[in-house]
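# Structure at a glance
One-letter residues, chain by chain:
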Amino acid sequence: MEIASNLLLGLSVALTPENLLYCLFGVFVGTLIGVLPGIGALAAISMLFPLTFHLEPTTALIMLAGIYYGTAYGGSTASILLNIPGTTSSAVTCLDGYPMAQQGRAGVALAMTAFASFFGGVFGILVLSAFTPLVAAWALSFGSAEYFALMVLGLVAASTVSDGSPVKGLAMVVLGMLLATIGMDPQSGVARYTFGSLSLLDGLSISALAMGLFGVAEIITSVRANTGRTIQARDVSLRSLMPTRDDFRRSWMPALRASTIGSLFGALPGTGPTVASFVSYGVEKRIAKDPSRFGKGAVEGVVAPEAANNAADQTAFIPTLSLGVPGSATMALMIGAMMVHGIHPGPNLVTEEPELFWGLVMSFWIGNLMLVILNLPLIGLWVRLLTVPYKILYPAILMLVCIGAYSVHYKAFDVMVVLGFGALGYLMRIFSMPAAPLLLGFVLGPLIEQHFRRAMVLARGDFSAVIERPISGTVLLITLLVLVWSLWSSFRKRRQTLAAATPGSRIEDED
Amino acid sequence: MSRLDIRELAGGLFLTATGAGFAGHAIANYSIGTVTRMGPGMVPAGLGVLLVIFGLVAIATAFLQESKGGSIRIAIPAVILLSVLAFALLITPFGLIPAVVACVIVATLAEEKFDPAFSLKLAAVLCLIAWLVFVVALQLPVTLFAWPF
């Protein structure tokens, strides 16, 4: 009966008017951001991050999480109607979604997307509520050595598994960790890299960093980049949304398989909704009786990636909430939001803060339900939104970024930090260095330093003691394997591209 | 086509210089300590050295690949960053509304054709939104107008 009482407790938290309101606000903004190409979930969450300082921690997380999984719903709309993915995790949805729209079945594609997203989301929540307490109970015996090893694995996996150069990903993690050392060292009380500035004593603020790297830098690259592209929004009537019985029959098994794949990839560090959607599309195409239908408007090709990315969005919370180790930059922001409120996510979270944990989980159900309601009848609104010109959008975003940064401490200094990170973010784009690992390193850096120093004290300065402990040793071995594998595969890819002499393009993977 | 990727080289130099700066400053100013009792300088110095190594790897690979080309935008980034700067400089002495107006008008300069009427209209609408969202709804204690003199 413990589960039932936990769920009831969660429901009572999630159903308070304030939490319902912020959940609705979160999923609404998430859908909005997801629909609009050129602005991602990370930019949106970092923009609204300062607002959450004035909220209860549970309410804050409910809202931020709503933005996060809401973008997965909205992202597919742009994919289907415009052939431009609103978010990277919806990129695969273009492959069959856009052909469906060209065949006049845009409404069906959108409806099936909403159903698949809901199915995947609910599946992910079930996995999340079943596994988080288990992982947390297992992790109670972890010491600093284990945490150090887990965090290193998280950072290495997140910076090397996605495409792009693994060396650059790792370099960005290290740069993020270095930036996090700015300010007062909690263990010795020494002010590091402050150069006498009082504003720097508290360290750089995570919201200013994220807004600069993901908000301002994104605008710099997007302004005037897509002029001349005329957007023709298709009319989508409510009647055209109705899928046929055949669509449903074809979709059951793909949705189930994709949700399983998505749940797995969501929980693993380094992989996330984007990888999950690509893999599940590939699996469906491989096991289909007639693979040639894919790419020409097969309904499975829309259902599978959307179920997978929504499931992955939910299960990404498993390591975050049970271990306090984020698997992606977005999850790092969630951890940042908790730490601002003095909550340190870890194995004790589920038992010590049951209102927060179960309230958040139950809000996911409510949020997913709200998203289906928001997305189906309001589809016309979202379609019209696609036609809002960017020249109105980007000054508004810049204004929100500036006020958001300023409102944290009411200091112009924080706006200057945004400016600095906007410039750094643009520089990094020129050098094709990914920004997400930097944020991860920034959040995990102080924790790694703390656990590393503590583990070394306990081991009397002998690092082999960390390796000899069964769990930390195994995790570090896995880390080494990930590292070697990704370096080797990037080396092989480099030789192949040199031989073929074709410049490869890469998308910034920001989930 | 020379076999040197200038952009990659610049990126590598940037990483190397940043790492060396962090490590050098840590070694010069903070106590390193011993492995058992680490001082505040140990971790930053180690990370700085790591960043230098990654930078050197990037520099080495720059000599092994061809330049990918592609132009680098200068004017647009400068305008966007200036609009953030305008907000930062105006918010404390002049208050929210002048800061928003300056930020929005400078930002619209990034468009191909600057349309003063459009910029003013957009600035007015965004001021209204800022006031409604941050002052009326969220009740943040920000001054709308101030006069420092």
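Residues numbered from 1 in each chain as written. Chains lettered and ligands numbered in written order. Predicted model: local features only at pLDDT ≥ 70, side-chain atom pairs only at ≥ 80, totals over all residues. Heavy atoms only, no water.

## So, the overall build of chain A
The cut-off we apply is this: Helix numbering and strand numbering both begin at the N terminus, where a helix is a DSSP run of H or I of at least 4 residues and a strand a DSSP run of E of at least 2. The globule rule is 2.2 Å times the number of residues to the power 0.38, and the radius of gyration it is compared with is taken over C-alpha atoms. Here, residues are in contact when the closest pair of their heavy atoms is within 4.5 Å. Per-residue and other accessible areas were derived by the Shrake-Rupley procedure at a 1.4 Å probe size, with only the shown protein chains allowed to occlude residues.
Of the regular secondary structure elements, chain A holds 22 helices and two strands. For 511 residues, the compact-globule formula gives about 24 Å, and the C-alpha radius of gyration of chain A, at 22 Å, lands near that figure. When its C-alpha atoms are laid out on the principal axes, chain A stretches across 70 × 60 × 55 Å. Partitioning the contacts of chain A with sequence separation of at least 6, the portion at a separation of at least 24 is 79%. On chain A, roughly 19,400 Å² of surface is accessible, and the fraction owed to carbon and sulfur atoms is 66%.

## Some thoughts on the packing of helix α3 (residues 75-94) of chain B against helix α4 (residues 96-108) of chain B
All names here are of chain B. The condition is simple: Think of each axis as a best-fit line through the C-alpha atoms, taken over the contacting stretch in the case of a helix, with angles from 0 to 180 degrees between the N-to-C directions. Each angle is binned into one of four classes, with values under 35 degrees roughly parallel, values over 145 roughly antiparallel, values of 65 to 115 roughly perpendicular, and all other values oblique. The residue classification treats Ala, Val, Leu, Ile, Met, Phe, Trp, Tyr, Cys and Pro as nonpolar and Asp, Glu, Lys and Arg as charged. All others, Gly included, are polar.
In contact at an axis separation of 8 Å, α3 and α4 are set at 170° when each is read in the N-to-C sense. Relative to α4, the element α3 lies roughly antiparallel. Contacts from Val79, Leu82, Ser83, Ala86, Phe87, Leu90, Ile91 and Phe94 in α3 reach Leu96, Pro98, Ala99, Val100, Ala102, Cys103, Val106 and Ala107 in α4. Per-class residue counts for the contact of α3 with α4 are 15 nonpolar, one polar and no charged.

## Thoughts on the interface of chain A and chain B
Keep this limit in mind: Buried area adds together the accessible area that both of two parts lose upon being put together, with accessible area traced by a 1.4 Å probe. Between Lys or Arg on one side and Asp or Glu on the other, a salt bridge is scored when a side-chain nitrogen of the former is within 4 Å of a carboxyl oxygen of the latter. Here a polar contact is recorded for every N or O atom pair within 3.5 Å, except that within protein the pair must consist of a potential hydrogen donor and a potential acceptor, and residues adjacent in sequence are included only if both atoms are side-chain atoms.
Listed as interface residues are 63 residues of chain A and, on the opposing side, 59 residues of chain B. A buried area of about 5,600 Å², summed over both sides, lies between chain A and chain B, and 80% of it is on carbon and sulfur atoms. Where chain A packs against chain B, one counts one salt bridge. Residue Glu8(B) pairs with Lys168(A) through a salt bridge whose shortest N-O separation is 3.1 Å. The interface formed by chain A and chain B contains eleven residue pairs in polar contact (both at pLDDT 80 or more).

## Here we look at empty space enclosed by the protein
All names here are of chain A. Let me state the cut-off plainly: A pocket, in this scheme, is an open set of points on a 1 Å grid over the protein atoms alone with protein on both sides within 12 Å along at least 5 of 7 lines, while a cavity is a set where a 1.4 Å probe fits but cannot get out; residues line either one if an atom lies within 4 Å of a point. Grid points are joined across faces, edges and corners, and a volume is the space filled by probe spheres set on the points.
For the coordinates displayed, the defined rule picks out seven cavities of 30 Å³ or more. For the lining of the second largest cavity, the elements supplying multiple residues, two or more each, are α4 (57-82) and α6 (106-139). A per-element tally of the lining of the second largest cavity places α6 first, with four residues. By residue class, the composition of the lining of the second largest cavity is five nonpolar, five polar and no charged.

## Thoughts on the nonpolar core
Soluble globular proteins: nonpolar side chains tend toward being buried together. How we decide: Residue types Ala, Val, Leu, Ile, Met, Phe, Trp, Tyr and Cys, when buried and joined through side-chain atoms within 4.5 Å, form a set referred to as a nonpolar core. Think of it in three bands: with a 1.4 Å probe and only protein chains considered, a residue is buried below 20% of the maximum accessible area for its type, exposed above 50%, and partly exposed in between.
Phe317(A), Ile80(B) and Phe87(B) are the most contacted members of the largest nonpolar core, which totals 212 residues. It is α4(A) that contributes the most residues to this core, 14 residues altogether. Discounting residues that sit within four places of it in the chain, Phe317(A) has contacts with Ala65(A), Tyr68(A), Leu128(A), Ser322(A), Met331(A), Met334(A), Leu360(A) and Phe364(A).

## Observations regarding the confidence of the model for chain A
The condition that has to hold: The quantity called pLDDT is the predictor's confidence in a given residue, expressed from 0 to 100.
In the predicted model, chain A carries a mean pLDDT of 84, and 93% of its residues have values of at least 70. Note that pLDDT drops below 50 for residues 501-511 of chain A; the model gives that stretch 28 contacts with residues more than four away or on any other chain.

## Regarding the state of the cysteines
Condition: Cysteine sulfur pairs qualify as disulfides if the two atoms are within 2.5 Å.
All chains considered together, the criterion is met by zero disulfides over all chains. Looking at Cys103(B), it has no disulfide partner, and the nearest cysteine sulfur is the one in Cys402(A), 4.1 Å off. Among the cysteines around Cys127(B), which has no disulfide bond, Cys103(B) carries the closest sulfur, lying 9.9 Å off. Taking relative accessible area as the criterion, Cys127(B) reaches 9% and is therefore assigned buried.

## A word on the packing of aromatic side chains
The criterion, for reference: Pairing of aromatic side chains here covers Phe, Tyr and the six-membered ring of Trp, requires ring centres within 6.5 Å, and sorts the geometry by plane angle: under 30 degrees stacked, over 60 edge-to-face, intermediate tilted. Counting as a charge over the ring demands two things of the Lys NZ or Arg CZ atom: a distance within 6 Å of the ring centre and an angle within 35 degrees of the ring normal.
A full pass over the atoms with the stated rule returns 18 aromatic pairs over all chains. Their ring planes at 40° and their centres at 5.7 Å tell us that Phe115(A) and Phe248(A) sit as a pair that is tilted. Here Phe115(A) is found in helix α6, whereas its partner Phe248(A) is found in helix α10 (residues 245-267), with 133 residues between them in sequence. Through a chain of ring-to-ring contacts, three or more aromatic side chains come together here, namely Tyr68(A), Tyr69(A), Phe317(A) and Phe364(A). Seen from the ring of Phe118(B), Lys391(A) lies directly overhead, with NZ or CZ sitting 4.7 Å from the centre.

## Remarks on the pattern of salt bridges
Residue and element names in this part refer to chain A. The final tally for this structure, using the stated rule, is 13 salt bridges over all chains. A salt bridge links Arg192 to Asp185, with the shortest nitrogen-to-oxygen separation between them at 3.6 Å. Grouping residues by exposure puts Arg192 and Asp185 together as buried. Across the pair Arg293 and Glu300 runs a salt bridge, and its minimum N-O distance is 3.1 Å. What makes Glu300 buried here is its relative accessible area of 9%. Salt bridges sharing common partners tie together Asp246, Arg249, Arg250, Arg293 and Glu300.

## A short note on helix α9 (residues 206-222) of chain A
Residues and elements named next belong to chain A. Put simply, the rule is: Given a helix with a known number of residues, its expected span is that number minus one, times 1.5 Å. The angle between axes fitted to the seven-residue stretch ending at a residue and the seven-residue stretch beginning at it gives the bend at that residue.
For α9, which comprises 17 residues, the first-to-last C-alpha distance of 23 Å matches the rise-based estimate of 24 Å (1.5 Å per residue) to within 8%. A maximum bend of about 30° is found in α9 at Gly212. Most of α9 is tucked away: 16 of the 17 residues are buried. In the stretch just after α9, Arg224 is the one whose phi turns positive, near 60°.

## Points about the environment of Thr143(B)
All names here are of chain B. Its location among the elements puts Thr143 in the segment after α5 (116-137). When the C-alpha positions of Thr143 and Ala28 are compared, they lie 44 Å apart, and in sequence the two are 115 residues distant. Setting aside residues up to four positions removed in sequence, Thr143 forms contacts with Gly95 and Leu96.

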